[in-house]
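Listed below are the residues making up each chain.
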Amino acid sequence: MTLRLATAGESHGPALVAILTGLPAGLELDRAAIERDLARRREGYGRSPRQQLERDEVEVLAGLRHGATLGTPLAFVIRNRDHANWAWGMSPWPPEGEASGKGTSAVTLPRPGHADLAGALKFGHDDVRNALERASARQTAAHVAAGTVAKALLAHLGTTVAGSVRELGGQTSAEDWERATDEARADRDTLGGIVEVVAEGVPPGLGSYAAKEDRLDARLAAALMGVQAVKGVEVGEGFALARLRGSQAHDEIEPGLTRETNRAGGLEGGVTNGNPLVVRAAMKPLPTLMRPLRSVDLASGEPADALVERSDVQAVEALAVVAEAAVAWELARAAREKFGGDALGDFVGAHRAYLERIRWPRARGSVR
Ligand SMILES: Cc1cc2nc3c(=O)[nH]c(=O)nc-3n(C[C@H](O)[C@H](O)[C@H](O)COP(=O)(O)O)c2cc1C
């Protein structure tokens, strides 16, 4: 038993679609919670006007009845309001009538740092738009909605997941973030940053060292690297551990099997150890600059400025929400693998029985 998520949808196409399989029956979903998370994803100081345009209403098509899952595939659609401006340019079928609106002329000026050039070469597209539309982070809306579903499931295990910004444009103090964003905007430049996701109440024993693809640290790294513009992932103290001695780096085990430190970020051997899970992701500066970088016109082969298209100055707050969803999804997937069950009660019962077997949490001084 595992969770699976398939998504489709271009940034300015008619809609994003998602199909989730592997959820137990009887899980109650809160429509407002999904829309709250989607609204959080649109927020942030440096976002483009697109974020005000989109409403991100989730239309559930299957797998849910009267607010509770049926144990069947859950399918939903999030319509792109902006598609109205791209109806001709992003028409799925050969468009009728006169060319009008956005997307009518081919993009041939690939942006360094975006998927434009690599995607156009790979798929043989003359119009770079055919690559950038799916590479765009618009699809993260579907992943955030799936993350809210994952968090609803994890809540039944007493597990919470929360993402936050740690650094923006090299600034570690939140007081400096708006100023840094304003300065970058004035320079027609972009910024990146670092986000952290913390999961509390995680049962020990999720993930496995039995095979490398089962390691939860590996899966979390893949899930976070799967998010656009993420170029680095740390578990716990991550890179800083490399500069310490073993005596300073590891979390000593106290009676009651507790730890006074959590430098490992809640994972040892790719398995959760009962401590809070702590992971961080580094986001590069966004590749669409209003002061374009040097590129080459693919139509002429001549030097040219890269494509300038409406874009965020920075999207680090949004990344915190997307990373939270990615971690929640991966944790929920590992929990489904461990506790299984067709009905929510089976899943919750297996979790309870497991905690009883390992006598978790341990009373201080208890002996096995
Ligand atoms: C929430 C979010 C919003 C983003 N917004 C933009 C944007 O407005 N403009 C842009 O050029 N890139 C944006 N990106 C990053 C690009 O999607 C990403 O750099 C591009 O797809 C290439 O992938 P790569 O950076 O992983 O190599 C965003 C990423 C995220 C996670």
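Not measured: the values here are computed from a predicted model.

A.B. asks: What's the story with the site of the ligand in this structure? I'm lost.
C.D. replies: Taken together, the neighbourhood of the ligand is formed by 18 residues, with A229, K284, T288, S311 and D312 sitting nearest. Between the ligand and A229 there is a distance of 2.9 Å, counted from an oxygen atom to a backbone nitrogen or oxygen. Between an oxygen atom of the ligand and a main-chain N or O atom of D312, the distance comes to 2.9 Å. Class assignment of the residues belonging to the shell around the ligand gives a composition of 10 nonpolar, five polar and three charged.

A.B. asks: Hey, could you run me through unusual backbone geometry in this one?
C.D. replies: Keep in mind that most residues, glycine aside, have a negative phi and that most peptide bonds are trans. In this structure, the amide linkage connecting W360 to the following residue, P361, adopts the cis form with an omega of -5°. Assignment of secondary structure puts P361 in the segment after helix 10 (344-357). Notably, A229 is not glycine yet its phi reads approximately 75°, a positive angle. Among the residues examined, A229 registers a relative accessible area of 13% and is labelled buried.

A.B. asks: In this structure, what is going on with the environment of P14? I would like to understand it.
C.D. replies: Mapped onto the secondary structure, P14 falls in the loop between strand 1 (4-8) and strand 2 (15-21). Measuring from C-alpha to C-alpha, the distance between P14 and A87 comes to 8.2 Å, with 73 residues separating the pair along the chain. Among residues more than four places away in sequence, those in contact with P14 are R79, N80, H83 and P92.

A.B. asks: Explain the side chain of E330 here, please?
C.D. replies: The residue E330 is located in helix 9 (residues 316-339) in this model. The buried category is assigned to E330, whose relative accessible area is 6%. Engagement of the side chain of E330 in a polar contact is seen with the side chain of R333, the distance being 2.7 Å. The residues touching E330, leaving out its near neighbours within four places in the chain, are L216, R219, L220 and A223.

A.B. asks: Where do I start with the nonpolar core in this structure?
C.D. replies: Here is a general trend for soluble globular proteins: nonpolar side chains tend to be buried in one another's company. Counting 74 residues, the largest nonpolar core has L20, V327 and L331 as the members making the most contacts within it. The element best represented in this core is helix 9, accounting for 17 residues. Apart from residues lying up to four places away in sequence, L20 is in contact with R4, L5, T72, P73, L74, F76, A146, V149 and W329. Counting five residues, the second largest nonpolar core, distinct from the first, contains V107, A120, V128 and L132.

A.B. asks: I keep staring at the sheet that holds strand 10 (residues 230-235) and nothing clicks. Help me out?
C.D. replies: As a general point, the strands of a sheet are linked pairwise by backbone hydrogen bonds and lie either parallel or antiparallel. Read from one edge to the other, the open sheet built from four strands follows the order 8-9-15-10, with strand pairing classed as antiparallel. The sheet is open, and its two edges are formed by strand 8 (160-168) and strand 10, each paired on a single side. Strand-to-strand twist of the sheet, defined as the mean angle between neighbouring strand axes without regard to direction, takes the value 20°. By the bridge criterion, seven bridges tie strand 9 (residues 193-200) to strand 15 (residues 277-283) in an arrangement that is antiparallel. The partner of I194 across the bridge, within strand 15, is A282. Each of strand 10 and strand 15 is contacted by helix 7 (residues 216-225), which is oriented at about 155° to strand 10, the strand it contacts most.

A.B. asks: What is the right way to look at the packing of aromatic side chains in this model?
C.D. replies: Each pair of aromatic rings is reported with the distance of its centres and the angle of its planes. Applying the stated criterion across every chain yields a total of two aromatic pairs. When the ring of F339 is compared with that of F347, the centres are 6.1 Å apart and the planes differ by 80°; the resulting orientation is edge-to-face. Assessed through its relative accessible area of 7%, F339 is described here as buried. Note on F339 and Y354: the rings are 5.7 Å apart at their centroids and 55° apart in plane angle, and the pair reads as tilted. Placement of the pair is F339 in helix 9 and Y354 in helix 10, with a sequence separation of 15 residues. Like Y354, F339 is buried. Through pairs of rings, three or more aromatic residues link up here, namely F339, F347 and Y354.

Calculation notes
Residues numbered from 1 in each chain as written. Predicted model: local features only at pLDDT ≥ 70, side-chain atom pairs only at ≥ 80, totals over all residues. Heavy atoms only, no water. Near = heavy atom within 4 Å. Polar contact = N/O pair within 3.5 Å; in protein donor to acceptor, adjacent residues only side chain to side chain. Nonpolar A, V, L, I, M, F, W, Y, C, P; charged D, E, K, R; others polar. Helix = DSSP H or I, 4+ residues; strand = E, 2+ residues; numbered from the N terminus. Buried < 20%, exposed > 50% of the residue type's maximum accessible area, 1.4 Å probe, protein only. Contact = heavy atoms within 4.5 Å. Core = buried A, V, L, I, M, F, W, Y, C linked by side-chain atoms within 4.5 Å. Pairing = 2+ DSSP bridges. Axes fitted to C-alpha atoms, helices over the stretch in contact; angles between N-to-C directions. Phe/Tyr/Trp six-rings, centres within 6.5 Å; stacked < 30°, edge-to-face > 60°.

Any functional reading would require information that these geometric values do not contain.
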